[in-house]
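# Topology and contacts: notes
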There are 2 protein chains.
Amino acid sequence: MALRHAVLAALLDGEFSGYQLAKAFDIGVANFWHALPQQLYAELARLERDGLVAGRQVVQETRPNKRLFRVTEAGRAELEAFAAAASKPSFIRDDLLVKVQAADRVGTAPVIGQLEERASAAEAKIELLSALLRQLRGDVDEEEFLLRGERIGPYLTCLRGLAFEREHRDWCLRIAAVLRERRRATHGER
Amino acid sequence: MALRHAVLAALLDGEFSGYQLAKAFDIGVANFWHALPQQLYAELARLERDGLVAGRQVVQETRPNKRLFRVTEAGRAELEAFAAAASKPSFIRDDLLVKVQAADRVGTAPVIGQLEERASAAEAKIELLSALLRQLRGDVDEEEFLLRGERIGPYLTCLRGLAFEREHRDWCLRIAAVLRERRRATHGER
DNA sequence: CCTCCATACTCAAAAATCTGACTAGTCAGT
DNA sequence: ACTGACTAGTCAGATTTTTGAGTATGGAGG
């Protein structure tokens, strides 16, 4: 039941609509949780029903009205309890890794292409996260910010995301190079 | 539908029973996919029904009989098609990261403990994977093995798992240190 | 002797997640 | 005038994953 807590955690930084949350779940929040918009709207409805968030209607002229949500005291308490409870271990689940596992038995050509695409995507995400981190910490340097910044949660999770993407990019490039080299060496046996 | 392909990929290295696969999904295969034994048995049944794997009964004296499965030609073709199709991006989904995101708003004490536990767990996994890698490559060094080894798929995915665990351990320790330092600096405001 | 652990599986049901389609208005570009 | 993208959602249904409880046998340790 961690989607619920991911939403609460994301709402700690202000009031957001389901639509805005969906954006956040594509960038910063994506570093620790992934969810589709439909899930978020449904979860927000449940959270409101349970009194963990409160929503208010905002009427807009030029675009559709929206509902902004904020965490209630009960919601904060729920997060507190969640933080104190045991975590389950995290897992990688990745199509591409499945393909690499099978690669030298089923043909490497398409996998090499995908590895390189992934590396590019990771690179783009690295840029994005680096910019986000700079923005979050403002002028001060990282050490200083981490010690004295008043809100460091999102920064810390972005750091994790950044490290993950770098790792991912490097691995993809390395493996692509290895597979290419092997193809060269055995000149097209596969 | 990647569990199905993860199972096929795992079966590329020999005949395994559901029980043995469950073990593999706890160690090596866990580097790219996670599944509970019940899922594996169910998936193996479906795969057999669809002709992608073939099972045979092995009668044992001192323990329960088992069924060993191997990938059929159709199964190999299925994997080939899967490898050629587009992959979906991979996501981290981690309870603990949710807690870190919320940490400076809901109390850091329990989170620090969990970060340090996680770091230990990651350390153990690092040992395990390092040993597994040594075993997979035998005497030769990595460069040599990757270039000329005949089966490198599992090695490559373990490399990814190892990098992930190292990254994870380092991040956990870093964040735990940061949170501890902040507690010290503000002496128990939270 | 008794309990725990390992092997080897099965069944049912709940919960979480994903797929796909749909509404409806605004704005920018061709 | 038309197309496509962005805002801001909703609904239904399928699929996947998790939770929890069983079955049955053999060997090891106390």
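Cut-offs used in this document
- Residues numbered from 1 in each chain as written.
- Chains lettered and ligands numbered in written order.
- Predicted model: local features only at pLDDT ≥ 70, side-chain atom pairs only at ≥ 80, totals over all residues.
- Heavy atoms only, no water.
- Phe/Tyr/Trp six-rings, centres within 6.5 Å; stacked < 30°, edge-to-face > 60°.
- Lys NZ or Arg CZ within 6 Å of the ring centre and 35° of its normal.
- UniProt positions renumbered as here; feature names shortened; annotations may be inferred.
- Helix = DSSP H or I, 4+ residues; strand = E, 2+ residues; numbered from the N terminus.
- Near = heavy atom within 4 Å.
- Polar contact = N/O pair within 3.5 Å; in protein donor to acceptor, adjacent residues only side chain to side chain.
- Nonpolar A, V, L, I, M, F, W, Y, C, P; charged D, E, K, R; others polar.
- Contact = heavy atoms within 4.5 Å.
- Salt bridge = Lys/Arg side-chain N within 4 Å of Asp/Glu carboxyl O.
- Buried < 20%, exposed > 50% of the residue type's maximum accessible area, 1.4 Å probe, protein only.
- Least-squares fit on C-alpha atoms with pLDDT ≥ 70 in both.
- Domains from an automatic or database assignment.
- Buried area = accessible area lost by both parts, 1.4 Å probe.
- Disulfide = S-S within 2.5 Å.

## Details of the packing of aromatic side chains
Using the criterion set out here, one finds 3 aromatic pairs over all chains in the structure. Here Lys-99 of chain B stacks its cationic end above the ring of Phe-82 of chain A, 5.0 Å away from the centre of that ring.

## Section: the UniProt feature "domain: Transcription regulator PadR C-terminal" (unreviewed entry) in chain A
Sites flagged by UniProt as "domain: Transcription regulator PadR C-terminal" (unreviewed entry) map to residues 92-179 of chain A. Spanning residues 92-179 of chain A, this segment combines 85% helix with 0% strand, and its end C-alpha atoms are found 22 Å apart.

## Digging into the protein's contact with DNA strand C
Lining the immediate surroundings of DNA strand C are 22 residues, of which Met-1 and Thr-62 of chain A together with Lys-23, Gln-60 and Arg-67 of chain B lie closest. For DNA strand C, the backbone makes up 70% of the atoms found within 4 Å of the protein, where backbone means sugar plus phosphate. Contact between DNA strand C and Arg-67 of chain B: a phosphate oxygen at 2.3 Å from a main-chain N or O atom of the residue. Lys-88 of chain B is positioned such that a nitrogen or oxygen atom in its side chain is 3.3 Å from a phosphate oxygen of DNA strand C. Of all the secondary structure elements, the ones that give two or more residues to the surface near DNA strand C are α3 (37-49) of chain A together with α2 (18-24), α3 (37-49) and β2 (66-71) of chain B. For the surface near DNA strand C, the per-class residue count stands at 7 nonpolar, 9 polar and 6 charged.

## Here we look at the interface of chain A and chain B
Of the residues lining the interface, 72 residues belong to chain A; the matching set on chain B comes to 72 residues. Counting the contacts that link chain A with chain B gives 6 salt bridges. When the shortest N-O distance is used, the salt bridge between Arg-151 of chain A and Asp-104 of chain B registers 2.4 Å. When its residues are assigned to classes, the side of chain A that touches chain B shows 38 nonpolar, 12 polar and 22 charged.

## Regarding the pattern of salt bridges
Residue and element names in this part refer to chain B. Counted under the stated rule, the structure contains 34 salt bridges over all chains. Its salt-bridge partner being Arg-76, residue Glu-73 comes within 3.7 Å of it at the nearest N-O pair. With Glu-73 and Arg-76 both in helix α4 (residues 73-84) and 3 residues apart, this pair spans about one turn of that helix. When the shortest N-O distance is used, the salt bridge between Glu-144 and Arg-148 registers 3.1 Å. Of this pair, Glu-144 and Arg-148 are both found in helix α7 (residues 142-148), 4 residues apart, which corresponds to roughly one turn of the helix. The class for Glu-144 is partly exposed, based on a relative accessible area of 32%.

## Considerations on the relation of the copies chain A and chain B
When chain A is brought onto chain B, the operation consists of a screw motion whose angular component is 180° and whose axial shift is 0.0 Å, with 0.1 Å RMSD remaining. Here the transformation between the copies is reduced to the relation of a two-fold axis. The position closest to the rotation axis in chain A is occupied by the C-alpha of Ile-92 of chain A, lying 3.3 Å away. An overlap of 100% is found between the interface residues of chain A and their copies at the interface of chain B, pointing to a shared contact surface.

## Thoughts on the domain arrangement of chain A
All names here are of chain A. Taken domain by domain, chain A holds domain 1 (2-84) and domain 2 (95-185). The centre of domain 1, based on its C-alpha atoms, is set 27 Å off from the matching centre of domain 2. Counting from both sides, the interface comprises 9 residues of domain 1 and, opposite them, 9 residues of domain 2. Per-residue buried area on domain 1 facing domain 2 is highest for Asp-13, Ile-27 and Asn-31; these three make up 70% of the total on that side. Across the contact surface, domain 1 and domain 2 share 1 salt bridge. Asp-13 is paired through a salt bridge with Arg-151; the nearest N and O atoms lie 2.6 Å apart. The interface formed by domain 1 and domain 2 includes 1 residue pair in polar contact (both at pLDDT 80 or more). Grouping the amino acids of the side of domain 1 that touches domain 2 by side-chain chemistry returns 5 nonpolar, 2 polar and 2 charged.

## Describing the state of the cysteines
Under the criterion given, the structure shown has 0 disulfides over all chains. In this structure Cys-172 of chain A is a free cysteine whose sulfur lies 16 Å from that of Cys-158 of chain B, the closest cysteine sulfur available.

## Looking at the protein's contact with DNA strand D
The environment of DNA strand D is formed by 22 residues, the closest being Lys-23, Tyr-41 and Gln-60 of chain A together with Met-1 and Thr-62 of chain B. Backbone atoms, meaning sugar and phosphate, form 71% of the atoms of DNA strand D found within 4 Å of the protein. Here Arg-67 of chain A contributes a backbone N or O atom positioned 3.3 Å from a phosphate oxygen of DNA strand D. Interatomic distance of 3.2 Å between a side-chain N/O atom of Lys-88 of chain A and a phosphate oxygen of DNA strand D. Of all the secondary-structure elements, those providing two or more residues to the surface near DNA strand D are α2 (18-24), α3 and β2 (66-71) of chain A together with α3 of chain B. The leading source of residues in the surface near DNA strand D is α2 of chain A, at 3 residues. Of the residues contributing to the surface near DNA strand D, the split by class is 7 nonpolar, 9 polar and 6 charged.

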